[in-house]
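Descriptive structure summary
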Protein chains: 2
Amino acid sequence: MSLQSIRVVLVNTSHAGNIGGAARAMKNMGLTRLVLVDPEDFPSPNAVARASGATDILDSAQIVATLEEALVGCSLVLGTSARDRRIPWPLLDPRETGTVCLEQVERGGEVALVFGREYAGLTNEELQRCQYHVHIPSDPAFSSLNLAAAVQVLAYEVRMAWLAANDQPSKQEKLETTSMLDTQPVTADELEHYYGHLEQTLVEIGFLDPQKPRHLMPRLRRLYGRCGISKLEMNILRGILTETQKTVRGEPHKRRGD
Amino acid sequence: MSLQSIRVVLVNTSHAGNIGGAARAMKNMGLTRLVLVDPEDFPSPNAVARASGATDILDSAQIVATLEEALVGCSLVLGTSARDRRIPWPLLDPRETGTVCLEQVERGGEVALVFGREYAGLTNEELQRCQYHVHIPSDPAFSSLNLAAAVQVLAYEVRMAWLAANDQPSKQEKLETTSMLDTQPVTADELEHYYGHLEQTLVEIGFLDPQKPRHLMPRLRRLYGRCGISKLEMNILRGILTETQKTVRGEPHKRRGD
């Protein structure tokens, strides 16, 4: 089992030194995949200096324009966050994060650990793309960790979970008895397509008023995001929406199994 | 119980920036006492810059000439170390370190966490002044952590142990920020009513053929059953079904929020 299916995503980083520090922390802990969303200053000699030898991670870093691109193929997305958001979201501490990441990797999934801007963190919209929020239990009186330090803590917990998992090969055997389609988790982009389809359908049946969306979609994202939906289950959920839309539109539709 | 009886000792640090980074990591995790043994470059604006507001820790840092002075009053001394020393020493990982530190503090002891030079670590003589050696489980192929990152990992584990010893206030706070309706889980009978409602609706939209039900309902039960649905979320899911049925039946229905 490898840690290559866990990517670290840094969103809109201001200081190149922090990118270098994050790369070093990743490499120390055996992580290799770095994705930079719209970095302000990269490549940069400051990144190389702080990477202190982890330049291979910087050289192979993927640079993308949007968080959406950074998450393509991911079945589990975790975003670091301060504690108090208006809609409470499933919250993990770093230790739980390590465990959850490793479980996902064992199921064949791809994981993204998403870190926000140095001063402003992640936006609410970005946080709603995450199934879980991760809070590093800092002192409330001085709570903001340096970006590279936050990467260090989570990468450390991922490694601790990985070391523990490599003592216990029994989980692998358990998986082999279940079908792939039913265990394979959906990816973040498949989940986004589902949310789009769901929102559209809720508007069509008159349950969601685009003028007064309230917190309906965030709440549904939070619910489905934490379920660990398999590809088979996603097929069912999408099928329900498609049939609902046909009904609303008065289109003919076949029963399944006909 | 306070963390003031745990001091961080940095030996012969070369880069002032690392002292600042260490101070920030300490303050984030609720540690306050910093002792500098013969620092090469301190005080320094680089330390202040990287401390990012943890200047009170820099201002109150104690500067001493020898490790011996730094350890006065300590009942437990732990030194960070690479793994392979000629004389095998009691070795702790960071998690065990957190536990051992807290046990000592609870007994009224004073603890020192000792960190060596950026490039050369602690000498054998210095390591022999430590009761335990602490090894951060890094990748053997790239094992040397940044000094501030190493302080961050150990300070984090100390805080995790402290939170656990203080009856896990982190989890407590987690609950207090969420509304009751949104955290209170649905009961088994509420879930059964939902499944009945869902099945009925799926038949009405033509997605479920009662003559050929296949494994549709068991799969949906498995999916929703593992989500830990709250009462609020259940209201939303039931509302979607009700609106879908009204649409199928051609009944008038109000938009939510009207």
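Bear in mind the structure is a predicted one, so any value in this text is a computation, not a measurement.

Digging into the sheet that holds strand E5 (residues 91–92) of chain A
Strand pairing within a sheet occurs via backbone hydrogen bonds; the two strands may be parallel or antiparallel. All names here are of chain A. Ordered by their spatial adjacency, seven strands build an open sheet running E3-E2-E1-E6-E4-E7-E5, and the pairing between neighbours is parallel. Of all strands in the sheet, those with a lone pairing partner are strand E3 (62–64) and E5, marking the two edges. The sheet contact formed by strand E1 (residues 6–11) and strand E6 (residues 111–115) spans five bridges and is parallel. By the bridge assignment for E6, Leu-10 is matched with Phe-115. Most of the contacts of helix H1 (residues 16–28) go to strand E2 (residues 33–37), to which it runs at about 160°, and overall it touches E1 and E2. Contacting E1, strand E4 (76–80), E5, E6 and strand E7 (132–134), helix H5 (residues 94–106) runs over the sheet at an angle of about 160° to E4.

Details of the pattern of salt bridges
The final tally for this structure, using the stated rule, is 26 salt bridges over all chains. Across the salt bridge formed by Glu243(A) and Lys246(A), the nearest N and O atoms sit 3.7 Å from each other. Of the two residues, Glu243(A) and Lys246(A) both sit in helix H12 (residues 231–249), three residues apart, roughly one turn of that helix. For Lys246(A), a relative accessible area of 23% translates into the label partly exposed. Measuring nitrogen to oxygen at the nearest pair gives 3.0 Å for the salt bridge that ties Arg33(B) to Glu110(B). Of this pair, Arg33(B) sits in strand E2 (residues 33–37) while Glu110(B) sits in the loop between helix H5 (94–106) and strand E6 (111–115), and the two are 77 residues apart along the sequence.

Some details on the interface of chain B and chain A
By convention, interface size is frequently given as the accessible area that disappears when the constituent parts associate. Chain B puts 74 residues into the contact, and the matching count from chain A is 72 residues. Summed over both sides, the interface between chain B and chain A buries roughly 6400 Å², with carbon and sulfur atoms accounting for 58% of that surface. Between chain B and chain A we count five salt bridges in total. Between Glu157(B) and Arg95(A) there is a salt bridge whose closest N-O contact spans 2.5 Å. Counting across the interface, chain B meets chain A through 21 residue pairs in polar contact (both at pLDDT 80 or more). Of all the secondary-structure elements, those providing two or more residues to the side of chain B that touches chain A are helix H1 (16–28), helix H2 (45–51), H5, helix H7 (147–165), helix H8 (169–176), helix H10 (188–204), helix H11 (216–225) and helix H12 (231–249) of chain B. The element that contributes the greatest number of residues to the side of chain B that touches chain A is H12(B), accounting for 10 residues. When its residues are assigned to classes, the side of chain B that touches chain A shows 31 nonpolar, 19 polar and 24 charged.

Observations regarding empty space enclosed by the protein
Tallied over the full model, the rule gives five cavities of 30 Å³ or more. Roughly 240 Å³ of volume is contained in the largest cavity. Ile240(A), Leu241(A), Leu198(B), Ile240(B) and Leu241(B) are, among the 20 residues lining the largest cavity, the residues nearest its centre. Sorting the residues of the lining of the largest cavity by element identifies helix H10 (188–204) and H12 of chain A together with H10 and H12 of chain B as the ones contributing at least two each. Here the residues of the lining of the largest cavity sort into 16 nonpolar, four polar and no charged. Considered as a void within the structure, the second largest cavity measures approximately 100 Å³ in volume. Lining the second largest cavity are 14 residues, and of these Arg129(A), Gln131(A), Leu191(A), Glu192(A) and Tyr195(A) lie nearest its centre. Of all the elements in the fold, those that place two or more residues in the lining of the second largest cavity are H10 and helix H11 (216–225) of chain A. Of all the elements, H10(A) adds the most residues to the lining of the second largest cavity, at four residues. Broken down by class, the residue content of the lining of the second largest cavity amounts to seven nonpolar, four polar and three charged.

Reading the values: rules and limits
Within every chain, residues take consecutive numbers counted from 1 along the sequence as written. Whichever chain is written first is A, and whichever ligand is written first is 1; the rest continue in order. Whole-chain, interface and lining totals are the exception, using all residues; otherwise, since this is a predicted model, local features are given only for residues with pLDDT of at least 70 and side-chain atom pairs are given and counted only at 80 or more. In computing side-chain properties, one takes all heavy atoms of the structure into account and sets aside hydrogens as well as water. When DSSP locates at least two bridges between a pair of strands, those strands are taken to pair. Secondary structure elements follow DSSP: runs of H or I no shorter than four residues count as helices, runs of E no shorter than two count as strands, and numbering proceeds from the N terminus. Throughout, a contact is declared for two residues whenever any of their heavy atoms are within 4.5 Å. Every axis corresponds to a line fitted to the C-alpha atoms, with the helix fit spanning only the stretch in contact, and the corresponding angles, defined between N-to-C directions, vary from 0 to 180 degrees. Just to be clear on terms, a salt bridge is a Lys or Arg side-chain nitrogen sitting within 4 Å of an Asp or Glu carboxyl oxygen. Think of it in three bands: with a 1.4 Å probe and only protein chains considered, a residue is buried below 20% of the maximum accessible area for its type, exposed above 50%, and partly exposed in between. By convention, the term buried area covers the 1.4 Å-probe accessible surface removed from two parts as they join, with the contributions of both added. Identification of polar contacts relies on pairs of N or O atoms within 3.5 Å, with a donor-acceptor requirement for protein atoms, meaning one able to donate a hydrogen and the other able to accept it, and with residues adjacent in sequence counted only if both atoms are side-chain atoms. Any residue outside Ala, Val, Leu, Ile, Met, Phe, Trp, Tyr, Cys, Pro, Asp, Glu, Lys and Arg is labelled polar, Gly included; the first ten of those are nonpolar and the last four are charged. Of the two site types, the cavity is a set of points on a 1 Å grid over the protein atoms alone where a 1.4 Å probe fits but cannot get out, and the pocket is an open set with protein on both sides within 12 Å along at least five of seven lines, each lined by residues with an atom within 4 Å of a point. Grid points are joined across faces, edges and corners, and a volume is the space filled by probe spheres set on the points.

So far we have only geometry, and geometry alone does not tell us how the molecule works.
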